[in-house]
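Chain by chain, the residues run as shown.
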Amino acid sequence: QAAKRVHRKPSLLALPGPLVKSEETVILQCWSDVKFEHFLLHREEKVEDTLRLTGELHDGFSKANFSIGPMTPALAGTYRCYGSVTHSPYQLSAPSDPLDIVITGLYEKPSLSAQPGPRVLAGESVTLSCSSRSSFDIYHLPREGKAHELRLPAVPKVNGTFQADFPLGPATHGGTYRCFGCFRDSPYEWSDPNDPLLVSVTECVACLLSSPLMEIDNP
């Protein structure tokens, strides 16, 4: 029988982020303004993978840092954490929001291009195309500084590549994008990313005419 949940959910963060290169380590930090004595970290569909740590108090918050790694496909997946207090150890809090941890670098990087180009006039529509000769099923397009990436299925092309076109709509502000490929039966296992592509927006027509065809932002 499920334990009664009497506390609100804690928060779960990935440090430095949820995309983890093969063999690297990620810290999953569970924290709450409730003073939990213990935190449990659980990977969905893996009952035996539940980890337990004593909570540490800092400035009115309780937290625990779970070190996950070196990263392998077996450690990738969806994680949640729970809090508990000593006087009711079998009463767990509500679960945190789910957090997907993805391993990257398992396949060769796709390419990413911008149409009509990576530098566009304000209000002009721009499309980013991710392609590869690897038969990826899905492409993910995260933007630096944004929590949620765009995602589209790959479409076979007559030139032997598998491509997805991401319409970004009328450009209002720029950003740096990376593209990852993955297969449908391994959704947490991604390719290396392409070199970062900087999409910039300008009001200046003359600046566009004098700009290089491609701008690559240094990682």
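Residues numbered from 1 in each chain as written. Predicted model: local features only at pLDDT ≥ 70, side-chain atom pairs only at ≥ 80, totals over all residues. Heavy atoms only, no water.

A. Structural detail: the packing of aromatic side chains. One pass over the full model with this rule turns up seven aromatic pairs. Seen in terms of ring centroids, Phe 136 and Phe 183 are 5.2 Å apart; in terms of plane orientation they differ by 45°. Their pairing is tilted. One end of the pair, Phe 136, is in the loop between β12 (125-132) and β13 (138-141); the other, Phe 183, is in strand β18 (residues 180-183), with 47 residues separating them in the sequence. Three or more aromatic residues joined by ring pairs make a cluster, and in this case those are Tyr 107, Phe 136, Tyr 139 and Phe 183. (Phe/Tyr/Trp six-rings, centres within 6.5 Å; stacked < 30°, edge-to-face > 60°. Helix = DSSP H or I, 4+ residues; strand = E, 2+ residues; numbered from the N terminus.)

B. Representation of the side chain of Ser 132 in the model. Structurally, Ser 132 is set in strand β12. Since its relative accessible area comes to 10%, Ser 132 is described here as buried. In this view, Ser 132 contacts Pro 110, Tyr 139, Thr 161 and Phe 162; residues no more than four positions away in its chain are not counted. (Buried < 20%, exposed > 50% of the residue type's maximum accessible area, 1.4 Å probe, protein only. Contact = heavy atoms within 4.5 Å.)

C. Up close: the nonpolar core. Leu 12, Val 26, Leu 28, Leu 41, Phe 66, Ile 68 and Ile 101 are the most contacted members of the largest nonpolar core, which totals 21 residues. Looking at this core, the elements that each hand over two or more residues are β1 (11-15), β3 (26-32), β4 (38-43), β7 (61-68), β8 (77-84) and β9 (99-104). When neighbours within four sequence positions are excluded, Ile 101 is seen to be in contact with Ala 14, Pro 18, Val 20, Val 26, Leu 28, Met 71, Ala 76, Gly 77, Tyr 79 and Tyr 188. Listed in part, the 17 residues of the second largest apolar core include Val 120, Phe 136, Tyr 177 and Leu 197. (Core = buried A, V, L, I, M, F, W, Y, C linked by side-chain atoms within 4.5 Å.)

D. Quick peek at the sheet that holds β3. Strand order in the open sheet made by the four strands is β1-β3-β7-β6, with antiparallel pairing throughout. Each end of this open sheet is capped by a strand with a single partner; those strands are β1 and β6 (56-58). Between one strand axis and the next, the sheet turns by 30° as a mean value, whatever way the strands run. In the sheet, β6 pairs with β7 via three bridges, with the strands oriented antiparallel. Its bridge partner lying in β7, Leu 57 is registered against Ser 62. (Pairing = 2+ DSSP bridges. Axes fitted to C-alpha atoms, helices over the stretch in contact; angles between N-to-C directions.)

E. Quick look at the sheet that holds strand β20 (residues 197-202). Spatial ordering of the open sheet is given by β11-β20-β17, a layout of three strands whose pairing is mixed. Lying at the two open borders of the sheet, with one neighbouring strand each, are β11 (119-121) and β17 (175-177). Averaged over all adjacent pairs, the angle separating strand axes in this sheet is 25°, with direction ignored. Here three bridges tie β17 to β20, and the two strands are oriented antiparallel to one another. The residue of β20 that forms the bridge with Tyr 177 is Leu 197.

F. Representation of the state of the cysteines. Inspection of the entire model under this criterion finds two disulfides. Covalently, Cys 30 is tied to Cys 81 through a disulfide, its sulfur atoms 1.8 Å apart. On the S-S bond that ties Cys 30 to Cys 81, the torsion sits near 70°, and the link is right-handed. Here Cys 30 is found in strand β3, whereas its partner Cys 81 is found in strand β8, with 51 residues between them in sequence. You can call Cys 30 buried: its relative accessible area is 0%. Sulfur-sulfur distance for the disulfide between Cys 130 and Cys 179 comes to 1.5 Å. Judged by the sign of its S-S torsion, about -90°, the bond between Cys 130 and Cys 179 is left-handed. Here the residue Cys 130 occupies a position in strand β12, and Cys 179 occupies one in the loop between β17 and β18, the gap between them amounting to 49 residues. For the pair Cys 130 and Cys 179, one class covers both residues: buried. (Disulfide = S-S within 2.5 Å.)

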